[in-house]
Amino acid sequence: MTGALSLAHSPGPHDTFVFHAWSAGLVPRAPDVEVTLADIDVTNSLAERGELDVLRVSYAALPRVWDRYTLLPCGGVLGHGCGPLLLTAAHREPAELAGRVVAVPTERSTAHLLFRLWARRVLPGVEVDTVVMPFDRIMPAVRDGEVDAGLVLHEARFTYRRYGLFPMVDLGQEWEDRTGMPVPLGAIVARRSLGQRRLDEVAEAIRASVRYAWANPWVSAEYVRAHAQEMSPEVRQRHIELYVNSSTEELGESGHQAVRALLGHLVDGDAATDPWW
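Per chain, residues are indexed from 1 in the order of the written sequence. Confidence filtering applies because this is a predicted model: local features only for residues at pLDDT of at least 70, side-chain atom pairs given and counted only at 80 or more, and all residues used for totals across whole chains, interfaces and linings. No hydrogens and no water enter the side-chain calculation; it runs on all heavy atoms of the structure.

Draft legend 1. Main features of the sheet that holds strand S6 (residues 85–88). A pair of strands is considered paired only if DSSP assigns at least 2 bridges between the two. Secondary structure elements follow DSSP: runs of H or I no shorter than four residues count as helices, runs of E no shorter than two count as strands, and numbering proceeds from the N terminus. Here 5 strands make up an open sheet; going across it, the order is S8-S7-S9-S6-S10 and the pairing mixed. Sheet topology places strand S8 (129–132) and strand S10 (166–170) at the edges, where each strand pairs with a single neighbour. Ignoring which end each strand starts from, the neighbouring axes of this sheet average 30° apart. Throughout, an axis means a line fitted to C-alpha atoms (over the contacting stretch in the case of helices), and angles, computed between N-to-C directions, take values from 0 to 180 degrees.

Listed below in structure tokens is the structure:
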């Protein structure tokens, strides 16, 4: 497709559900798009290198890509009751993490930032070691005693009990209780060099893709299933219902406030230097 935009997002049900209509050519007058499916650590790295036009990244990665990319006001993951969990193989108190090892899927994510902020508050002066591990290995590793705790999100919220694990803390709920704001997890960014007209077209294509998915959920069902084969239909549906919400269609002022609050832990002063803010 000559002149097509390059888009990278995760193979998770929330992303395949949201972007299917656009990528399948079901959105009238939307720009042509070529899709790469990759985990968030990969898309964060792609954005840091400025390699693609539109990407899903962690909100915590925004300061590292701000010179090349702008935040789009739609398509992302932000909401209530959708944050990361810190899991253990038995009921433990936070103080028991001292000198222990926590598995994390990446150290460059919003989930890891929320974990660090929580640990700083509840374990002042205590060092907690982390080890990066593929997401699908974390819960088995916690269960089998390879690590002392694991940081998980997305479908793990619905499946951790199958591994006999226990939540030490719901970091999303902890954020909501402390700030009164929704949890910013995944952002959609687009290359600034596309220009404002093209950026507006991309944002409208994403909104239209979301609306199409809501109105015609059966159309994307096979595409979603094909990229989430190890999930049961029930887990896939619960995943979509939790992570695709009104802020996916439009980030809104409450969403922007939550993002600014999160970025306040990463940068000095106000990160709001872009018109989308």
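Still more to cover.
Draft legend 2. Representation of the side chain of arginine 56 in the model. Inspection of the secondary structure puts arginine 56 in strand S3 (residues 54–58). A 1.4 Å probe rolled over the protein chains alone gives each residue an accessible area, and that area as a share of the maximum for its type sets the label: buried under 20%, exposed over 50%, partly exposed in between. When its relative accessible area of 4% is taken as the criterion, arginine 56 is described as buried. In protein, a polar contact requires one atom able to donate a hydrogen and another able to accept it; more generally it is a pair of N or O atoms within 3.5 Å, and residues adjacent in sequence count only if both atoms are side-chain atoms. From its side chain, arginine 56 meets the backbone oxygen of glycine 186 in a polar contact 3.3 Å long. Two residues qualify as a contact provided that any one of their heavy atoms is within 4.5 Å of a heavy atom in the partner residue. Non-local contacts of arginine 56, meaning those with residues more than four positions away in its chain, are made with Ala8, His9, His14, Asp15, Ile40, Thr43, Gly75, Gly76, Val77, Gly186, Ala187 and Ile188.

Draft legend 3. Focus on the side chain of glutamate 174. Of note, glutamate 174 is situated in helix H7 (residues 171–179). The exposure class assigned to glutamate 174 is buried, which follows from its relative accessible area of 19%. Ignoring sequence-local partners within four residues, the contact set of glutamate 174 consists of Trp118, Arg121 and Val169.

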